[in-house]
Amino acid sequence: SAYTDTSVSVRSIRGEGSSTASTDGIGIRLLDRDGTIINNSNLTVISRAQAKTYAKAHSRDYHPTAVATASSDSLARGILVGNGNNLLLNNGDVSVMSYANAHAHAYSDENVGVFRVEEAHGTAYANARAFGIQTGNGNNVITNNGTIAVTEISTASVWVDTEDNDDEYRTTRATGSAVGI
């Protein structure tokens, strides 16, 4: 979600917020053929991506800019295979989860002090992966005989403000990965 607030009495100001979130998921898939997957139950795959921004620019006399950008991306899997010649077994459980959270807040206020353009730019990027058996490139044989639990949580958060008459540019990045075969 993106929220932008601008308030002005005389001149132009800019408040801009943008957020993007993507996710994947899966939970057993056989690509590029050949195959055989036997799991025998309890497969849980959760993939969640969240991106939130808040941008506010405020001025009575000058041109402040507040830009907040948040982007998150998440991927889980829970058995995927690919490129042929596969045989998997597992025999139960496999619980895969992936959470990516990005939050950016930018605030620019030019009402006092040095009269000039003030800029607040905040960028947050979160990326989480997780697998729980994936493979690829053929000739795969995996057995396991039960229980693979993989969890990855990535959270990136940034707060930028220019109330003290300066320009601020901040970027925060959280990445992650958790595999499980």
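Just so it is clear, the model here is predicted, and its values are computed rather than measured.

Q: Help me understand the overall build of the protein in this model?
A: Counting its regular elements, the protein contains zero helices and eight strands. Listing the helices and strands of the protein from first to last along the sequence gives β-β-β-β-β-β-β-β. Looking at the 181 residues of the protein, the share that counts as buried comes to 43%. About 8,600 Å² of surface is accessible on the protein, with carbon and sulfur atoms providing 46% of the total.

Q: Help me out: how do you make sense of the pattern of salt bridges in this one?
A: Where charged atoms from two side chains of opposite charge come close, those side chains can pair. One pass over the full model with this rule turns up three salt bridges. Note that Arg77 is salt-bridged to Asp24, the shortest N-O span being 3.7 Å. Of this pair, Arg77 sits in the loop between β4 (65–74) and β5 (95–110) while Asp24 sits in the loop between β2 (14–22) and β3 (44–59), placing them 53 residues apart in sequence. Of the charged contacts, one joins Arg129 and Asp73 as a salt bridge, the two residues approaching to 2.7 Å between their closest N and O atoms. Residue Arg129 is found in the loop between β6 (119–128) and β7 (149–161), and its partner Asp73 is found in strand β4; the two are separated by 56 residues along the sequence.

Q: Even after reading the chapter, I still don't get the nonpolar core, so can you show me in this structure?
A: Most often, soluble globular proteins keep nonpolar side chains buried together rather than apart. Of all hydrophobic cores here, the largest spans 18 residues; its most connected members are Ala104 and Ala124. Every element with two or more residues in this core is listed here: β3, β4, β5, β6 and β7. Setting aside residues no more than four positions away along its own chain, Ala124 makes contact with Thr69, Ala70, Ser71, Ala102, His103, Ala104, Ala156, Ser157, Val158 and Thr172.

Q: Mind showing me how you'd approach the sheet that holds β4 here?
A: Hydrogen bonds between backbone atoms are what pair the strands of a sheet, whose relative direction is either parallel or antiparallel. Strand order in the open sheet made by the four strands is β2-β4-β6-β8, with parallel pairing throughout. Edge strands, defined here as strands with exactly one partner in the open sheet, are β2 and β8 (168–174). Within this sheet the neighbouring strands show an average axis-to-axis angle of 5°, counted without direction. Sheet analysis places β2 next to β4, joined by nine bridges and oriented parallel. For Gly17, the partnering residue across the bridge sits in β4 and is Ala68.

Q: Explain the pairing of β4 here, please?
A: Remark: a regular strand shows side chains that alternate across the two faces of the sheet. Counting buried positions over the 10 residues of β4 gives seven, a clear majority of the element. Here β4 runs beside β6; their pairing, made up of 10 bridges, is parallel. Across the sheet, Ser72 pairs through a bridge with Ala126, a residue of β6.

Q: So what exactly am I meant to see when it comes to the side chain of Glu168 here?
A: If you trace the backbone, Glu168 turns up in strand β8. Among all residues touching Glu168, those that are not within four sequence positions of it are Glu119, Ala120, His121, Val160, Asp161 and Thr162.

Quick notes on the rules
- Residues numbered from 1 in each chain as written.
- Predicted model: local features only at pLDDT ≥ 70, side-chain atom pairs only at ≥ 80, totals over all residues.
- Heavy atoms only, no water.
- Helix = DSSP H or I, 4+ residues; strand = E, 2+ residues; numbered from the N terminus.
- Buried < 20%, exposed > 50% of the residue type's maximum accessible area, 1.4 Å probe, protein only.
- Areas by Shrake-Rupley, 256 points an atom, 1.4 Å probe, with all protein chains shown as cover.
- Salt bridge = Lys/Arg side-chain N within 4 Å of Asp/Glu carboxyl O.
- Core = buried A, V, L, I, M, F, W, Y, C linked by side-chain atoms within 4.5 Å.
- Contact = heavy atoms within 4.5 Å.
- Pairing = 2+ DSSP bridges.
- Axes fitted to C-alpha atoms, helices over the stretch in contact; angles between N-to-C directions.

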